[in-house]
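Below are the chains, spelled out letter by letter.
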Amino acid sequence: MANAPDVHICEAGPRDGLQNLDIFIPTEAKRALIDAIVAAGVREIDAGSFVPPKVVPQFADVEIVMAHALTHKDATIGALVPNFKGAERAIAAGVDAIYFVISVSETHNQANVRRTIEEQLEGFRAVRAAIDARPAGNRPHLMGGISTAFGCSMEGRIGEGSVRRLAAAYAEAGADEIGLADTVGYATPPLIKQIVQGVRRDLGPAMSLRLHLHDTLGMGLANAVAGLEAGIRRFDAAVSGLGGCPFAPGARGNIVTEDLVFMLEEMGLSTGIGLDRLMATRAILSAHIPARHLTGHLHEAGIPKA
Ligand code: COA
Ligand code: ZN
């Protein structure tokens, strides 16, 4: 693709960032946030979750938000999906990408989606089949998301072998991409390298891999650099460092998109994202979200100076 940036960033704020807040963000503000993110040059957005509203009330308006997000034809609009029913809703909404979730930790998987890993893989296969039954050219991208890939707040350390087995099972089941998620933010740079390299060896160079990082231990950006060194060029991040899983107590937010963009551009890696416009998303969030939920080193330092 002409002018493709060196690093692709998916903005996960509208989904991961909002799912854990006990405040309902008005639909209009969600739309404004998505518009501002696209205006900043972001080309992929995780824009919401197709989960039952009684499980996550924040996404009771997901159909309305998605319909608006999908008016941005220059961006890939994706959604988190925990089961077949969610995929049916996402496909009906016309999403460009589906992010399916299975945790490597059996305990976290049970807490999060109330299924065993094996049952969840069955669900993934059914989603793959439903997508493949659609006309070519009208099939959403299907990512196999691996939650708790670098540690779990309930099970603690996660074996590299179980991550690699789940990644291989996803690939076998027809995932278009594998997402390695540090759901609770326990990763360290050497662990990132070890797991990324192991999965890469198993799946070969053609499989698209992305990293989803949280900053619980303050190592989020160091982990992103470790991912870059291991060959990763696709990252999730959230504006103002929003984010957290309802079943990952104590976890901090996602790596901060603003800080990640700044660091990558300083490293000479293009992102296609304009930092000033990205920083402007803070005002939309501040109008609805208490300051204690909003982080970001650039925001705190008042950089970049006008
Ligand atoms: N969207 C809307 N409704 C859904 C749904 C979906 N994706 N999945 C299930 N339902 C409905 C069912 O139709 C059923 O409705 P009914 O009671 O009117 O018959 C009801 O919800 C229960 O369905 P069931 O399949 O038994 O779900 P469950 O109660 O076992 O819950 C999940 C399973 C996956 C839906 C739930 O655990 C979940 O949403 N988890 C995701 C949590 C999350 O967002 N985590 C953070 C992101 S990783
Ligand atoms: Zn997350």
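Undergrad: How would you explain the overall build of the protein if you had to name every residue and give the values?
TA: Secondary structure assignment for the protein yields 13 helices and 8 strands. Taken over the C-alpha trace, the protein has a radius of gyration of 18 Å; the compact-globule value for 306 residues is 19 Å, and the two agree within 12%. Its C-alpha atoms give the protein principal-axis dimensions of about 50 × 40 × 40 Å. Across the 306 residues that make up the protein, the buried fraction comes to 56%. When contacts within the protein are restricted to residue pairs at least 6 apart in sequence, long-range pairs at least 24 apart make up 72% of them.

Undergrad: Lay out the coordination of the zinc ion (ligand 2) with the relevant residues and their values.
TA: Of the protein atoms, only Asp16 (OD), His212 (NE2) and His214 (NE2) coordinate the zinc ion (ligand 2), at distances of 1.9 to 2.1 Å. In terms of primary sequence, the donors binding the zinc ion (ligand 2) are separated according to D-x195-H-x1-H.

Undergrad: Describe in detail empty space enclosed by the protein, supporting the description with residues and values.
TA: The final tally for this structure, using the stated rule, is 1 cavity of 30 Å³ or more. Size it by volume and the largest cavity reaches roughly 40 Å³. Forming the boundary of the largest cavity are Leu18, Ile25, Ala29, Leu33, Ile284, Leu285 and His288. Among the secondary structure elements, those contributing two or more residues to the lining of the largest cavity are α2 (27–39) and α12 (281–286). Looking at the lining of the largest cavity residue by residue, the class counts come to 6 nonpolar, 1 polar and no charged.

Undergrad: Can you break down the environment of Arg139 residue by residue, with the values?
TA: Inspection of the secondary structure assignment puts Arg139 in the loop between α6 (117–132) and β5 (141–147). Its relative accessible area of 40% is what places Arg139 among the partly exposed residues. The spacing of Arg139 and Ile91 is 48 residues in sequence and 8.5 Å in space, taken between C-alpha atoms. Arg139 has contacts with Ile131, Asp132 and Arg134, leaving out every residue within four places of it along the chain. One polar contact links the side chain of Arg139 to the main-chain carbonyl oxygen of Asp132, over a distance of 3.4 Å.

Undergrad: Break down α6 for me, with residues and values.
TA: Spanning 16 residues, α6 covers 23 Å between terminal C-alpha atoms, matching the ideal 22 Å at 1.5 Å per step. Buried residues along α6 sit in contact with α4 (84–93), β4 (97–103), α5 (106–113), β5 and α7 (160–172).

Undergrad: Can you tell me about the side chain of Arg282, naming the residues and giving the values?
TA: Within the secondary structure, Arg282 is located in helix α12. There is no salt bridge for the buried Arg282, and the closest opposite charge comes from Glu258, which lies 5.2 Å off by N-O distance.

What counts and what doesn't
Residues numbered from 1 in each chain as written. Chains lettered and ligands numbered in written order. Predicted model: local features only at pLDDT ≥ 70, side-chain atom pairs only at ≥ 80, totals over all residues. Heavy atoms only, no water. Helix = DSSP H or I, 4+ residues; strand = E, 2+ residues; numbered from the N terminus. Rg over C-alpha atoms; globule rule 2.2 N^0.38 Å. Buried < 20%, exposed > 50% of the residue type's maximum accessible area, 1.4 Å probe, protein only. Contact = heavy atoms within 4.5 Å. Donors = N, O, S within 2.8 Å, 3.2 Å for Na, K, Ca; no water. 1 Å grid on protein atoms, 1.4 Å probe; cavity = no way out; pocket = protein on both sides within 12 Å on 5 of 7 lines; lining within 4 Å. Points joined across faces, edges and corners; volume = space filled by probe spheres on them. Nonpolar A, V, L, I, M, F, W, Y, C, P; charged D, E, K, R; others polar. Polar contact = N/O pair within 3.5 Å; in protein donor to acceptor, adjacent residues only side chain to side chain. Expected span 1.5 Å × (residues − 1). Lys, Arg positive; Asp, Glu negative; His and termini not counted. Salt bridge = Lys/Arg side-chain N within 4 Å of Asp/Glu carboxyl O.

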